[in-house]
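Coordinate analysis (summary)
If you want the building blocks of each chain, they are given just below.
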Amino acid sequence: MSAASSDLLTLVAGIFGVLILASAIGYVLQQRLSPNGSNAAIENLNARIKAWWIMVILIGIAFVAGRIGVLVLFGFCSFAALREFVTLINTRRADHWALAAAFFIVVPLQYYLLWAEQYGIFSIFIPVYAFLLMPIISVLRGDTERFLIRIAEVQWALMICVFCASHVPALLTLNIPGYDGRNVLLIAFLVIVVQLSDVLQYVWGKLFGRTKIAPKLSPSKTVEGFVGGVISATLIGAALWWITPFTPVQAGLLAFIITLMGFFGGLVMSAIKRDRGIKDWGNLIEGHGGLIDRLDSVVFSAPIFFHIVRYWWSL
Amino acid sequence: MKAFTTKAAAAAIVVFARAVTAVRAIWPEEGLPSRPCVYFANHSSHGDFVLVWTVLPPRLRRQARPVAGAEYWLKSRLNRFIGRDVFNAVLIARERDQRTEDPVTQMAAAIDAGSSLILFPEGTRNQSEAPLLPFKSGIFHLVAARPDIDLVPVWINNLNRVMPKGEIVPIPLICTVTFGSALRLAPDETKDVFLERMQTALLALSPKPAGSGE
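Quick caveat, the model's predicted, so the values are computed rather than measured. (Residues numbered from 1 in each chain as written. Chains lettered and ligands numbered in written order. Predicted model: local features only at pLDDT ≥ 70, side-chain atom pairs only at ≥ 80, totals over all residues. Heavy atoms only, no water.)

1. Notes on the nonpolar core
Ranked by internal contacts, the top residues of the largest apolar core, which has 119 residues, are L82, F85, F189 and F305 of chain A together with Y39 and F179 of chain B. Ignoring sequence-local partners within four residues, the contact set of Y39 of chain B consists of L32, L56, L60, S116, L117, I118, L119, V152, V154 and F179 of chain B. In this structure, L119, L132, L185 and L195 of chain B belong to the second largest nonpolar core, which totals 28 residues. (Core = buried A, V, L, I, M, F, W, Y, C linked by side-chain atoms within 4.5 Å. Buried < 20%, exposed > 50% of the residue type's maximum accessible area, 1.4 Å probe, protein only. Contact = heavy atoms within 4.5 Å.)

Printed below as a string of structure tokens:
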């Protein structure tokens, strides 16, 4: 067995261990405190743990299926996230073809470019080409009502849900000396650090949270949860250095950046939800809300993480 | 053989509708009536009754029949197959002078035979900016003939954005179908009061439009 697959196996065993432990704790809590499902927090916790199992298994299958599996999985995530986003924005009849192009041309093409490893066009396709072509398609219908708002919102939807999200599987295209065939572990590193940071901020906040950090945006986020979550996720990131091409200090530093971006990504996406007057982006994942509710911190950290690694580690 | 193809077509339509719209149903607290009833919904897209039909639990779906315009659903072989065989629609003639049967009699007969109806009291697709068009009086005459039938308001949200009139490519946006509590005709209720009450009940299920925060 190669070092890469034995590392992956160790990692999978570790993740399963954590999930089994979480499920056991959830079960005991439910038996003790909420035998008839009366405690909403515990019911939500168990729904989340169940959803975690499904997500880990899906990502696991994608990893086993290799590059195509990962691209299909994230391509689907982009599609589903875009659908949640566009459902909530201002669009009019005149945007019909622009939206059809976003779903059926931009999403597949962006992931095809990753498959073809065309980094040059991949990195500008949405910010340049989609940015210019979307309003052109819309303007042909001659509807000027709220035009700037409409095209800006579609562009934002594409940037967040497709461009940013596609930087997670883009990690597979990096060519890092001495790290051949192990790039999938970079995805694992990013996803584990971001998601654990979210969970740990929640846990620290529940245990010690006193001072609200952004009461207008997200009443559950506290300074104590933020500091505790960032520090513990950074330490876990550092401890995962063995699956990355980084030294422990570098891994910790990158985990710190990922965590910060994730936190602020969550805040920005909360602000959009407030603006739209909704609580969750959708209902795809039980206990988590929509897909974007789970992805918000990943999409903000992925491009930054990708470019740091690309600049300093890749050929 | 025919039963098999209609079942397969019905299953394919459900899968397709769910894939495109990721449709989610929102039920009233007390659940849907288990006896035959009339689901009445807003109408803005050809796919409206497909969506209501798709989200109904299978047991209730089997007894539900959409009420639809005969001239459209008898137009071609495919339309006939979908309208008559797959959905078993109660087909009524829109033009008064082409009628051989009274629509209210047709609907009442379907109810008497144990079916539920999916009805669009606006009578036609709403292409206006107004949330609802005025109701036609058919629903009143139906409940006047069958006063103990439950009326369930159903708000279909977003489907008009998925497939606006005249477009051929659907945009896969998320749709919701919200069912309200069952209503009945009150004794001595006049037509206008009744129709007004039904419209209010239906409108009450509509969410605030996206972008209303501005």
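That was the structure; now back to the text.
2. Comments concerning the pairing of strand 3 (residues 64-69) of chain B
Looking down a regular strand, the side chains alternate between one sheet face and the other. Residue and element names in this part refer to chain B. Counting buried positions along strand 3 gives 6 out of 6 residues, so the element sits mostly inside the fold. Bridge count between strand 3 and strand 5 (residues 116-119): 3 bridges; the pairing is parallel. Paired with A64 across the two strands is S116, which belongs to strand 5. Bridge count between strand 3 and strand 4 (residues 90-92): 3 bridges; the pairing is parallel. Its bridge partner lying in strand 4, A68 is registered against L91. (Helix = DSSP H or I, 4+ residues; strand = E, 2+ residues; numbered from the N terminus. Pairing = 2+ DSSP bridges.)

3. Overview of the pattern of salt bridges
All names here are of chain A. Using the criterion set out here, one finds 14 salt bridges over all chains in the structure. R67 serves as the salt-bridge partner of E117, at 3.4 Å between the closest nitrogen and oxygen. With E117 in the loop between helix 4 (96-115) and helix 5 (119-139) and R67 in helix 3 (residues 67-87), the pair connects residues that are 50 residues apart, well separated along the chain. Judged by relative accessible area, which is 29%, R67 ranks as partly exposed. In this structure, D143 engages R150 in a salt bridge whose closest nitrogen and oxygen atoms are separated by 3.8 Å. A residue is classified by how much of its surface remains accessible, and R150, at 0% relative accessible area, is buried. Connected via shared salt-bridge partners are R92, D95, D143 and R150. (Salt bridge = Lys/Arg side-chain N within 4 Å of Asp/Glu carboxyl O.)

4. Notes on the interface of chain B and chain A
Residue-level contacts link 21 residues of chain B with 21 residues of chain A. Regarding the contact of chain B and chain A, the summed buried area is about 1,800 Å², with carbon and sulfur atoms giving 54% of it. One can count 2 salt bridges joining chain B with chain A. A salt bridge links R141 of chain A to E167 of chain B; the nearest nitrogen and oxygen atoms lie 2.9 Å apart. Here chain B is connected to chain A by 10 residue pairs in polar contact (both at pLDDT 80 or more). Here the element with the most residues in the side of chain B that touches chain A is helix 1 (residues 2-21) of chain B; it accounts for 3 residues. Broken down by class, the residue content of the side of chain B that touches chain A amounts to 12 nonpolar, 4 polar and 5 charged. (Buried area = accessible area lost by both parts, 1.4 Å probe. Polar contact = N/O pair within 3.5 Å; in protein donor to acceptor, adjacent residues only side chain to side chain. Nonpolar A, V, L, I, M, F, W, Y, C, P; charged D, E, K, R; others polar.)

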